[in-house]
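Fold and contact review
Take a look at the letters that make up each chain.
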Amino acid sequence: MKKLIPLLLALALCLFLCACGKSETVKAFEELTGNIGEVTLESESAIALAEEAYGKLTEEEKGQVEETAALLSESRAAYDQLVLEAEQEAKLAGVVDLIDAIGAVTLDSDAAITEAEQAYDALTEEEKDAIRESGEKLEAGRASYEQLVMEQNASKVVDSIDAIGEITLDSEASIEAARKAYDALKPGEKELVSNIDVLQAAEAQVQTLVQAEKQRLLAEYEPKFDKTVDKVEGITWYFHKDMPEYIDTRCYITSMVAVRGNDVWMCHRYNYAGDSWVFFESVIFSIDGDRREKHFSYYDIIRQA
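Residues numbered from 1 in each chain as written. Predicted model: local features only at pLDDT ≥ 70, side-chain atom pairs only at ≥ 80, totals over all residues. Heavy atoms only, no water.

**Let's talk about the overall build of the protein chain**
- Within the protein chain, the regular secondary structure consists of eleven helices and six strands.
- Against the 2.2 N^0.38 benchmark of 19 Å for 305 residues, the protein chain shows a C-alpha radius of gyration of 48 Å, more extended than a compact globule.
- Oriented by its inertia axes, the alpha-carbon framework of the protein chain measures out at about 160 × 55 × 40 Å.
- Burial analysis of the protein chain (305 residues in total) assigns 25% to the buried set.
- Long-range pairs, those at least 24 residues apart, make up 50% of the contacts in the protein chain between residues at least 6 apart in sequence.
- Approximately 21,500 Å² of the protein chain is accessible, and the part contributed by carbon and sulfur atoms is 55%.
- Counting 30 positive and 61 negative side-chain charges, the protein chain places the averaged centre of each group 7 Å from the other. (Helix = DSSP H or I, 4+ residues; strand = E, 2+ residues; numbered from the N terminus. Rg over C-alpha atoms; globule rule 2.2 N^0.38 Å. Buried < 20%, exposed > 50% of the residue type's maximum accessible area, 1.4 Å probe, protein only. Contact = heavy atoms within 4.5 Å. Areas by Shrake-Rupley, 256 points an atom, 1.4 Å probe, with all protein chains shown as cover. Lys, Arg positive; Asp, Glu negative; His and termini not counted. Charge placed at Lys NZ, Arg CZ, Asp CG, Glu CD.)

**Quick word on the confidence of the model for the protein chain**
- Of the residues in the protein chain, 90% have a pLDDT of 70 or more, and the chain-wide mean is 86.
- The least confident element of the protein chain, judged by mean pLDDT, is helix H1 (residues 4-20) at 37; the most confident is helix H6 (residues 110-121) at 97.
- Low pLDDT, under 50, characterises residues 1-20; the predicted model gives this stretch one contact beyond four residues in sequence or across chains. (pLDDT = per-residue confidence, 0-100.)

**Examining the packing of helix H9 (residues 172-183) against helix H11 (residues 196-221)**
- Two elements in contact, H9 and H11, have axes separated by 10 Å at closest approach and are oriented at 140°. In terms of crossing hand, the pair formed by H9 and H11 is left-handed. Between H9 and H11, the residues in contact are Glu 172, Ile 175, Ala 178, Arg 179 and Tyr 182 and Ile 196, Leu 199, Gln 200, Ala 202, Glu 203, Val 206, Gln 207 and Val 210, respectively.
- Considered class by class, the residues forming the contact of H9 with H11 number eight nonpolar, two polar and three charged. (Axes fitted to C-alpha atoms, helices over the stretch in contact; angles between N-to-C directions. Left-handed = near helix turned anticlockwise from the far one by under 90°. Nonpolar A, V, L, I, M, F, W, Y, C, P; charged D, E, K, R; others polar.)

**Some thoughts on the pattern of salt bridges**
- A full pass over the atoms with the stated rule returns 19 salt bridges.
- As a salt-bridge pair, Asp 129 and Arg 132 come within 2.0 Å of each other at their nearest N and O atoms.
- Residue classification places Arg 132 among the partly exposed positions, given a relative accessible area of 47%.
- Via salt bridges that share partners, Glu 44, Glu 51, Arg 76 and Asp 80 belong to a single interconnected network. (Salt bridge = Lys/Arg side-chain N within 4 Å of Asp/Glu carboxyl O.)

**Section: H6**
- Helix length check: H6, at twelve residues, gives a terminal C-alpha distance of 16 Å against a target of 16 Å (1.5 Å per residue), a fit within 8%.
- By the burial criterion, the buried members of H6 are Ile 113, Ala 116, Glu 117 and Tyr 120. For H6, the arc enclosing every buried residue in end-on projection is 105°, short of the 170-degree limit, so these residues lie on one face. Exposed residues lying more than 90 degrees from the buried face of H6 are Ala 111 and Gln 118.
- In this structure, the buried side of H6 is in contact with helix H5 (66-101), helix H7 (125-130) and helix H8 (132-162). (Expected span 1.5 Å × (residues − 1). Arc of directions from axis to C-beta.)

**Describing the packing of aromatic side chains**
- Applying the stated criterion to the full structure yields one aromatic pair.
- Taking the centre distance of 5.2 Å and the plane angle of 45° together, the rings of Phe 29 and Tyr 54 count as tilted. Taken together, the positions of Phe 29 in helix H2 (residues 24-34) and Tyr 54 in helix H3 (residues 44-55) put the pair 25 residues apart, joining distant regions of the chain.
- Note on Phe 29: relative accessible area 0%, which makes it buried.
- Among the residues examined, Tyr 54 registers a relative accessible area of 25% and is labelled partly exposed. (Phe/Tyr/Trp six-rings, centres within 6.5 Å; stacked < 30°, edge-to-face > 60°.)

**Here's the deal with the layout of surface pockets**
- In this structure, the second largest pocket encloses a volume near 310 Å³.
- If you trace the second largest pocket, you find 16 residues lining it, with Lys 214, Leu 217, Leu 218, Val 257 and Val 264 closest to the centre.
- Of all elements in the fold, only H11 and strand E3 (252-260) reach the threshold of two or more residues within the lining of the second largest pocket.
- Top contributing element to the lining of the second largest pocket by residue count: H11, with eight residues.
- Its residues assigned to classes, the lining of the second largest pocket shows nine nonpolar, four polar and three charged. (1 Å grid on protein atoms, 1.4 Å probe; cavity = no way out; pocket = protein on both sides within 12 Å on 5 of 7 lines; lining within 4 Å. Points joined across faces, edges and corners; volume = space filled by probe spheres on them.)

Rendered as structure tokens:
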């Protein structure tokens, strides 16, 4: 019994000496690490204090706290993961908010849809998959907007066709404008033009009127003109009966009308007769006080000795 008491005292003294062997910096580090507890997004300051305390340890002291240091590393990794997840959630929530902000789609929604599309397209495929429903909502919003635009464009053409009204010779310009507007539509938009048959009928009707008017004018004015036929070019030339027969007798300006099929146009001949050659690039003349200037190229001029 007397031998056992000294042995127990020696063991107690050893344990006391081991506990007392830790430095204050080691104790402080272990305490700060223990204070971290369950890692949350509010753990940053506690982890930072423990890391600061660990940085003050000597290499020998660090060797004494390897398990505690490993626990601190795990806490830091867990915190960083929470931060990363929170940032990703906030990022996705921001995209979802942009999509939700579009609201009911109207013709004024293009800017909001485009902004949401740019944010959504910047996501990774994994992130897009996480908000799949919102992505589908965005896609539907774009489709609705495009449909509204198509309907608006088609509606403008429908209105331009309706505005043609009763067909007369003066309707040709409005019919051509309506046709040009219709041809500029996309295929899907053309399908929405409900009165295309009205435009087609108007085109046929105005062409009938134009041809009839051409025939009327020809019947009225043809007897007042002489004509020659250029069989090679297929052109019938109409010129005034008083046009000089000889081109070398005097100077004059005369007009001629050319007809080839349904095409009709007017030409002018400027004739100079004199004893000396004249070289020129333009002619200035006045018609009822209206001053005109005509420029010529070298090949427009025919010279005869």
